[in-house]
Amino acid sequence: AKSLGRNNYQIYEVSAEQAQQQNMALKSGLRHAEHNGELRVFYQPQVDAVTEDIVGMEALVRWEHPELGFIGPGFFIPLAEETGLIVSIGEWVLRTACRQAQEWERKFGLRLRLGVNLSAVQLMQPNLLEIVSSALDESGLDANLLEMEVTESISIKAAPNLVENLHGLHRLGCRIAIDDFGTGAASLDYLRKLPADRIKIDQSFVRNIGVDPDDEAIVRATIEMAHRLKRGVVAEGVEIEQHLQFLRANRCDELQGYLFCRPLPTPTFEKLLLERQRL
Ligand code: C2E
Ligand code: CA
Ligand code: CA
Ligand code: CA
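Everything quoted here is computed from the prediction, not taken from an experiment.

**Q** Kindly report on the coordination of the calcium ion (ligand 4), identifying the contributing residues and their values.
**A** Surrounding the calcium ion (ligand 4) are the protein donor atoms D180 (OD) and D180 (OD), at 2.9 to 3.0 Å. In this structure, the calcium ion (ligand 4) is positioned 3.8 Å from the calcium ion (ligand 3), and both are ligated by D180. Note on placement: D180 falls in strand β8 (residues 175-181).

**Q** A description of the pairing of strand β10 (residues 232-235) should follow, citing residues and the corresponding values.
**A** Here β10 shows a buried face lined by G232 and V234 and a second buried face lined by V233 and A235. Two strands pair when backbone bridges link them, and strand β9 (residues 198-201) and β10 are joined in this way by four bridges, in the parallel orientation. Residue I199 lies in a different strand from β10, and its bridge partner there is V233. Two elements, β10 and strand β11 (residues 254-255), share two bridges in a ladder whose sense is parallel. When the sheet's bridge partners are listed, V234 is paired in β11 with E254. As for the winding sense of the linkage, the β-α-β connection from β10 through helix α10 (residues 241-249) to β11 is right-handed.

**Q** Mind laying out the packing of helix α3 (residues 86-108) against helix α11 (residues 266-278), listing which residues take part and the relevant values?
**A** One can describe the packing of α3 onto α11 by two numbers: an axis separation of 12 Å at closest approach and a directional angle of 30°. In this view, α3 runs roughly parallel relative to α11, as classed from their interaxial angle. Crossing angle aside, the handedness with which α3 passes α11 is right-handed. On α11, the residues touching Q100, E103, W104, K107 and F108 of α3 are T266, F269, E270, L273, L274 and Q277. Class assignment for the residues of the contact of α3 with α11 results in five nonpolar, three polar and three charged.

**Q** Account for the pattern of salt bridges, naming residues and giving values.
**A** In total, this model carries 20 salt bridges according to the counting rule given. For E147, the salt bridge goes to R198, with nearest N and O atoms at 2.9 Å. Separated by 51 residues along the polypeptide, E147 in strand β7 (residues 146-151) and R198 in strand β9 bring together distant segments of the chain. Linking R192 and D189 is a salt bridge whose minimum nitrogen-to-oxygen distance equals 3.4 Å. Residue R192 and its partner D189 are both found in helix α7 (residues 187-193); the two are separated by three residues, about one turn of the helix.

**Q** Requested: an account of the site of ligand 1, with residues and values cited.
**A** For ligand 1, the set of nearby residues contains 21 residues, the closest of which are Q44, R62, D179, E239 and Y258. Between ligand 1 and V61 there is a distance of 3.2 Å, counted from a nitrogen atom to a backbone nitrogen or oxygen. Here a nitrogen atom of ligand 1 and a side-chain polar atom of E239 are 2.5 Å apart. Across the complex, the protein chains shield 82% of the 800 Å² of accessible surface that ligand 1 would expose by itself. If you list the elements that add at least two residues to the shell around ligand 1, you get β4 (54-65), α2 (73-83), α3 and β8. Of all the elements, β4 adds the most residues to the shell around ligand 1, at four residues. For the shell around ligand 1, a count of residues per class yields nine nonpolar, six polar and six charged.

Scoring rules and cut-offs
Residues numbered from 1 in each chain as written. Chains lettered and ligands numbered in written order. Predicted model: local features only at pLDDT ≥ 70, side-chain atom pairs only at ≥ 80, totals over all residues. Heavy atoms only, no water. Donors = N, O, S within 2.8 Å, 3.2 Å for Na, K, Ca; no water. Helix = DSSP H or I, 4+ residues; strand = E, 2+ residues; numbered from the N terminus. Buried < 20%, exposed > 50% of the residue type's maximum accessible area, 1.4 Å probe, protein only. Pairing = 2+ DSSP bridges. Right-handed = clockwise from strand over helix to strand, strands pointing away. Axes fitted to C-alpha atoms, helices over the stretch in contact; angles between N-to-C directions. Parallel < 35°, antiparallel > 145°, perpendicular 65-115°, else oblique. Left-handed = near helix turned anticlockwise from the far one by under 90°. Contact = heavy atoms within 4.5 Å. Nonpolar A, V, L, I, M, F, W, Y, C, P; charged D, E, K, R; others polar. Salt bridge = Lys/Arg side-chain N within 4 Å of Asp/Glu carboxyl O. Near = heavy atom within 4 Å. Polar contact = N/O pair within 3.5 Å; in protein donor to acceptor, adjacent residues only side chain to side chain. Areas by Shrake-Rupley, 256 points an atom, 1.4 Å probe, with all protein chains shown as cover.

Laid out in structure tokens, this is it:
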């Protein structure tokens, strides 16, 4: 059985042929998802490791399928990449999240950083910079509050425009974060060649804090290296108190994970900001 994300839908014991038919059906559904208003952006807080104040949030897309319920991005983003739909879905997420972040700034006076994931396909688009500047202009969000998350699964050599686009985004004033740091084949090459402001330590390392001394050493060394390079560092997948204590003791800057909060739909995230404001 393959899980389509944590919320509900599962495929049980399907044959390869059935699975392919299902993928075809989903791909065609995905084609209309944006137009039909079935896409949602959820937001997950990023907190300061010392004060635990919310300092930013990551935008994470979900697909609310009319029959199947919520489908997670881990399942449909690859389909969207195969079909090229990721370009328009990614643009929709970016515009929606920028508008939302600007609205929260206006309502709460909070200057929260907004992280948005960029797929390799988007990073190769020749008009990426125009799309990002127009999302910033139309929303009124400050460029330096927008952080583009780029995974290092993308090969720099195989992706024309990628390095140029990232430098262009930097010139616009956007920040760049290397996502899933340490899981790709070229982490250090990425760090050397890309204008990265931050590193996001992958959750597979964080999960092994208190379990695997080697992974603990990697986390420590990554934080140390980031700081020596004058980069910020965020840990993702922080689930338990022990992760928090370790990361704090080792001077990680920011934390993200279920220990603090799951990704939330807009109204729930807004309630959270309101509660925090009253404290
Ligand atoms: P990611 O960018 O590495 O995002 C972090 C994922 O970890 C999210 O899964 C988040 O819900 C999950 N997570 C957060 N805290 C914890 C924790 O404490 N424990 C565990 N086990 N997981 C945690 P999600 O939302 O299912 O997204 C999966 C992936 O889909 C993302 O991984 C990202 O690569 C991709 N994705 C999501 N939204 C977008 C988008 O708008 N555009 C693109 N291109 N990709 C997206
Ligand atoms: Ca991410
Ligand atoms: Ca990640
Ligand atoms: Ca990931």
